[in-house]
Amino acid sequence: MVWTILGIISVLLLAFYYNKRNAVWGGFTIGLILGFVVAIFLYFQGGGFDWYLIGKYTIVFTLIGFGAELLGKIRDLLKKK
């Protein structure tokens, strides 16, 4: 249930930041790549290929990217003052 809610939030963030080059899409990309690497590593260790692990990585790194975007906006607001 928690991962479903976080996934919906991540999809909404990706839709909101669609046409811009930013940390949200960068976090998504890094999460996707790392998720595949970890899933392939676990597959060769005998655990099977886990698609949910890739999804969790992309969700977490998308949210981390959004946090980075927020920090950048806060910094810009503090610079103006």
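Relevant structure appears above.
Source: prediction; values computed, not measured.

Colleague: Quick question: what am I supposed to make of the environment of glycine 65 here?
Modeller: Mapped onto the elements of the fold, glycine 65 is located in helix α3 (residues 51–80). Given the relative accessible area of 6%, glycine 65 is considered buried. Residues glycine 65 and valine 24 lie 41 residues apart in sequence; the distance between their C-alpha atoms is 4.2 Å. The residues touching glycine 65, leaving out its near neighbours within four places in the chain, are Ala23 and Val24.

Colleague: Looking at this model, I keep getting lost on the packing of aromatic side chains. Mind explaining?
Modeller: One pair of aromatic rings is described through two measures. These are the centre distance and the angle between the planes. Summed over all chains, the structure comprises nine aromatic pairs. Aromatic side chains phenylalanine 36 and tryptophan 51 sit 6.0 Å apart centroid to centroid with 85° between the ring planes, which places their arrangement in the edge-to-face category. Residue phenylalanine 36 is found in helix α2 (residues 23–44), and its partner tryptophan 51 is found in helix α3; the two are separated by 15 residues along the sequence. Residue class for phenylalanine 36 comes out partly exposed when judged on its relative accessible area of 32%. The exposure class of tryptophan 51 is exposed, given its relative accessible area of 57%. Three or more aromatic residues joined by ring pairs make a cluster, and in this case those are Phe16, Tyr17 and Phe66.

Here is what the cut-offs are and how they apply
- Residues numbered from 1 in each chain as written.
- Predicted model: local features only at pLDDT ≥ 70, side-chain atom pairs only at ≥ 80, totals over all residues.
- Heavy atoms only, no water.
- Helix = DSSP H or I, 4+ residues; strand = E, 2+ residues; numbered from the N terminus.
- Buried < 20%, exposed > 50% of the residue type's maximum accessible area, 1.4 Å probe, protein only.
- Contact = heavy atoms within 4.5 Å.
- Phe/Tyr/Trp six-rings, centres within 6.5 Å; stacked < 30°, edge-to-face > 60°.

Such coordinate-based values are descriptive only and should not be taken to indicate function.
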